[in-house]
Amino acid sequence: MIGSLLKISSRKLPSCPLFSLNCKHHRRIHLKSCGASVGGRRYDDVDVIVIGGGHAGCEAATASARVGANTLLLTHKFSTIGEMSCNPSFGGIGKGHLVKEIDAHDGICGRICDVSGVQYKILNRSKGPAVWGPRAQIDRKLYKKHMQEEIRKTENLSVLEASVDDLIVDDVDGKLKCVGVIVDGNEMIFSASVIITAGTFLRGEIHLGMERTPAGRMGDQPAVGLAKTIEKIGFKMGRLKTGTPPRILRKSINFEGMTEWKGDDPPHPFSYENDRVYIDADEQLSCFTTTTTPQVAQIVKDSLHQNVHVQEETNGPRYCPSIESKIIKFPLKSSHVCWIEPEGWDCDEIYLQGFSCTMPREHQIKAVRSIKGLESAEISKFGYGVEYDYIDPRQLRSTLETHRVGQLYLAGQINGTTGYEEAAAQGLIAGINAARQTQSKTPYTVERSEGYIGVMIDDLTTQGTNEPYRMFTSRSEFRMSLRPDNADERLTERAYNMAIGGGCVSLARLRSTQARLQRLHEASALLRGECASITKWRARVGMDTRGAGSRAKSALQFVSMLDSDGAHAFLESFLPPQLGAGLMMRERLRAIALYDRVLPLQERMMEEVKRDEALEIGDNLDYSQIGSLKSEMVEKLELCRPRTIAAASRIQGMTPSCLVVLLRHVRNTKSKLSS
């Protein structure tokens, strides 16, 4: 079993800007000015090199290793692997879907969340199960500990503490291929594929007030040499920015008057392999909400001239804005919500969610102490902003391999995304494909209709982004079928079958999934097969039967008419213990019942759309004249002016029904013009 830290000698290499191999029309380029040498040590058994030990890097490295490639993970410090650099949480609306899909591929972040959380909660429960958002508040230390243990025990995976300064690129008959890296300024390591997961480290710069400090995150040096290499190769690059809020000492907070938010009872795990998380419901820690005051807005306004991060024209995250951005954009709003979130069981620091800021330290103290309940707050760490390089993701294939350089893959914030979940999902796909390429196997991709991972990668590679990209359920036109409860049904067997002998899903995981789905299908068949009057069904679970009616309904249809508690009670009484006893099984059956009638309609609509994806819409179409379109969708169509139906399908918030309405209108218009 491999997992120990490798040692590489620091032997100096002679300078040589370019050297030729014994092959006509074949040259190997070392892009740093210090040159390269053929005399460097060669690691012949390394198939895939992963640069960066963040969330994208960990998923990429373990996925590559699961596929069977000898994988080397390069990171500055092993101790920072699994670090949660910003918020101490995983999941949420849209993001939770990604974690479930990663787990369906036998990925690791969901399983680690299930043994590292301090609170588990399903967000958006007032809506249907398709858009629920599984979320966990995480103990930072536990998450990092379990992630490092996972990395250590993963077969085919080794870790090296080293700084990557350069890429080794082959030029074969005019086609560039990445074949290795230069570490610590002078050592060459060769491989068949390279994955860059540099996060915010590419020429990263921290901003606090008017201070500028080169760093990828507080206390860690940026990757300047690697950024210059990527630029020299000719990739189109840009700059993005993000930020983090101050941390507050728990003992200095007055929780009276704040709103308490408890975890779910029972807490829901992320992994399909787990029936429960490692803690009981009553052991969970609470989160709290409070609000800012008008004084906060005034302090922010008074300090804007001393805030270099705000003055920069670089785009920041629209959906997780800083308090400065909120006050600038919403000047009439008198208060903003802040979340008080615990960072762990034995950690006295509290994360002030919703108050990301980069104002000078003295202004941060004043602003924080102007928040209700934080009048005596002690700041243990000040908020700061990070500005960093990213690559236009339209330069990537759907496998996350670059068009410009073969065998080079990019994943995570380097592609313009924000968030642990988005990074981890990209790392998974990059790791699978980098490993499969070394084995001469066909690429593995997830389509838009198959998962949110596919939605994200399609959005990035076809539309690009000029602001940090975040996943939302509204980005998918297939959201009724892409539910968080059914990712294993959608993806696990497909991932295994796609890659027999080189897949990221183990045979044991496949069999476990098949057994679970077999029970699910047997239970849903029983529910579909038995019919009775609503009166009888209601009487069976002790509900009021007055006015229930005698119309026959299947048990599955009856479940769709009940609230969550009623559905669980009915399923527990109706199904044999081996089919309906588990909480997760009952949740899934209720979701099947709720969407049983509408999913076939959605599928027919999407088939209709797929047949005419290339149909051109025309530049002069007046969307306001299409009567069945909602005004919100009319505004988006007017703004985007999609050229084809396929382009219209990628507009955020687009639904199958809206697409069909648009498609039929365009078809009818063209038919009238031609006749």
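One can find the structure itself at the top, above this paragraph.
Just so it is clear, the model here is predicted, and its values are computed rather than measured.

K.L.:
Would you mind showing me how to read the overall build of the protein chain here?
P.N.:
Looking only at helices and strands, one finds 22 helices and 26 strands in the protein chain. Taking 675 residues into account, the globule formula puts the C-alpha radius of gyration at 26 Å, and the protein chain, at 27 Å, falls close to it. Dimensions of the protein chain along its principal axes, counting C-alpha atoms only, are 90 × 65 × 60 Å. Pairs at least 24 apart in sequence give 74% of the contacts found in the protein chain among residues at least 6 apart.

K.L.:
Which parts of the structure should I look at to understand helix α4 (residues 140–153)?
P.N.:
For an α-helix the count is 3.6 residues per turn, leaving residues at separations of three or four pointing the same way. With 14 residues, α4 should reach 20 Å at 1.5 Å per residue; the first-to-last C-alpha distance of 20 Å fits that figure. Within the sequence span of α4, burial applies to Arg-140, Tyr-143, His-146, Met-147, Gln-148, Glu-150 and Ile-151. Near the N-terminus of α4, the side chain that reaches the backbone nitrogen of Lys-141, with its oxygen 3.0 Å away, is that of Asp-139.

K.L.:
Teacher, can you tell me more about the side chain of Thr-197 here?
P.N.:
Tracing the chain through its elements places Thr-197 in the loop between β12 (193–196) and β13 (205–208). Reaching out from Thr-197, the side chain makes a polar contact with the backbone oxygen of Ile-51 at a distance of 2.7 Å. Within the structure, Thr-197 has its side chain in polar contact with the backbone oxygen of Gly-52 (distance 3.3 Å). Setting aside anything within four residues of it in sequence, one finds Thr-197 in contact with Val-50, Ile-51, Gly-52, Ala-56, Gly-57 and Ala-411.

K.L.:
Please explain the nonpolar core as it appears in this structure.
P.N.:
Soluble globular proteins tend to bury their nonpolar side chains together. One finds Leu-167, Val-181, Ile-196 and Leu-662 to be the most contacted residues of the largest nonpolar core, which totals 120 residues. For this core, the element with the highest residue contribution is helix α10 (residues 420–438), accounting for 10 residues. Those residues in contact with Leu-662 that sit more than four places away from it in its chain are Ile-617, Leu-621, Tyr-623, Ile-626, Leu-637, Ile-645 and Ala-648.

K.L.:
Explain the pairing of strand β8 (residues 157–161) here, please?
P.N.:
Walk down a regular strand and you will see the side chains alternate between the two sheet faces. Here β8 lies mainly inside the structure; 4 of its 5 residues are buried. The sheet contact formed by strand β4 (residues 71–75) and β8 spans 5 bridges and is parallel. In the strand pairing of β8, Leu-72 is matched with Ser-158.

K.L.:
Would you mind going over the sheet that holds strand β15 (residues 237–244) with me for this structure?
P.N.:
Backbone hydrogen bonds are what pair the strands of a sheet, in a parallel or an antiparallel way. Here 4 strands make up an open sheet; going across it, the order is β14-β13-β22-β15 and the pairing antiparallel. Looking along the sheet, the strands with just one partner apiece sit at the ends: β14 (211–214) and β15. Pairs of neighbouring strands in the sheet enclose a mean axial angle of 25°, with direction left out of account. One ladder, built from 3 bridges, connects β13 with strand β22 (residues 384–391); its direction is antiparallel. The residue bridging Ile-206 from the neighbouring strand is Val-386, located in β22.

Definitions and limits used
- Residues numbered from 1 in each chain as written.
- Predicted model: local features only at pLDDT ≥ 70, side-chain atom pairs only at ≥ 80, totals over all residues.
- Heavy atoms only, no water.
- Helix = DSSP H or I, 4+ residues; strand = E, 2+ residues; numbered from the N terminus.
- Rg over C-alpha atoms; globule rule 2.2 N^0.38 Å.
- Contact = heavy atoms within 4.5 Å.
- Expected span 1.5 Å × (residues − 1).
- Buried < 20%, exposed > 50% of the residue type's maximum accessible area, 1.4 Å probe, protein only.
- Polar contact = N/O pair within 3.5 Å; in protein donor to acceptor, adjacent residues only side chain to side chain.
- Core = buried A, V, L, I, M, F, W, Y, C linked by side-chain atoms within 4.5 Å.
- Pairing = 2+ DSSP bridges.
- Axes fitted to C-alpha atoms, helices over the stretch in contact; angles between N-to-C directions.

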